[in-house]
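A structural walkthrough
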Amino acid sequence: MAQLPKFLIADDPVTDPENEYIFHTEKPRFFAKRVEEDEETAYIDIIHEIDNVEEFYRSAPEKKQELLEQLEDWYYSYMEWLEDDGEEEEDEE
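Note that this is a predicted model, so its numbers are computed, not measured.

What follows covers the confidence of the model for the protein chain. For any part of a model where pLDDT is low, the fine detail of the predicted coordinates should not be relied upon. In the predicted model, the protein chain carries a mean pLDDT of 90, and 90% of its residues have values of at least 70. Mean pLDDT values over the elements of the protein chain span from 86, in helix α2 (residues 61-92), up to 97, in helix α1 (residues 53-56).

This is the structure we're talking about:
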C-alpha cells in the first residue's frame, strides 16, 4: 500500500458545505479546520482527535506547535494552489 500524504483535505458538500477539514494521517491522527474569529482573525485548530494529541506530545509540547505551523503552511499553500488553478482555467476559456 502506498504511503498517504501527511495532510489531506476532507469535505462534505452534501451535509456540511460550509466547512473544509484537514486530516492529519500520521500519529497523532486528527481533523483540523480553519476557524475564523472575525474578518481579520483566523487560525487552524484541531477539532476532532482520533489519537490523543496532548498525550502524544506530553514530553515535547513544542512539537505540537511545530506540527500546527506545518499544517497551517500546507493549508495556505493549498489555498494558493486552488486560486492559481482557477486562474489557469479562466485563461483557457
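This paragraph deals with the environment of Val-35. Examined against the element boundaries, Val-35 turns out to sit in strand β3 (residues 30-36). We classify Val-35 as partly exposed; its relative accessible area is 21%. With 26 residues separating them along the chain, Val-35 and Pro-61 place their C-alpha atoms 22 Å apart. For Val-35, the residues in contact, after removing those within four places along its chain, are Thr-41, Ala-42, Tyr-43 and Asp-45.

This next bit is on the side chain of Asp-51. Within the secondary structure, Asp-51 sits in the loop between β4 (42-49) and α1. At 2.8 Å, the side chain of Asp-51 and the backbone nitrogen of Arg-29 are in polar contact. With sequence-adjacent residues up to four places away left out, Asp-51 is seen in contact with Lys-27, Pro-28 and Arg-29.

Moving on: the side chain of His-24. Within the fold, His-24 resides in strand β2 (residues 16-24). Dropping the residues within four chain positions of it, His-24 is found in contact with Lys-6, Phe-7, Arg-29, Phe-30 and Leu-67.

To continue, consider unusual backbone geometry. Residue Pro-28 follows Lys-27 across a cis peptide bond; omega there is 0°. Looking at where Pro-28 falls in the secondary structure, it is placed in the loop between β2 and β3.

A few words on the pattern of salt bridges. For the structure on display, the rule yields four salt bridges. Close ionic contact of Glu-55 with Arg-58 constitutes a salt bridge, the shortest N to O distance being 3.1 Å.

The rules behind these values
Residues numbered from 1 in each chain as written. Predicted model: local features only at pLDDT ≥ 70, side-chain atom pairs only at ≥ 80, totals over all residues. Heavy atoms only, no water. pLDDT = per-residue confidence, 0-100. Helix = DSSP H or I, 4+ residues; strand = E, 2+ residues; numbered from the N terminus. Buried < 20%, exposed > 50% of the residue type's maximum accessible area, 1.4 Å probe, protein only. Contact = heavy atoms within 4.5 Å. Polar contact = N/O pair within 3.5 Å; in protein donor to acceptor, adjacent residues only side chain to side chain. Salt bridge = Lys/Arg side-chain N within 4 Å of Asp/Glu carboxyl O.

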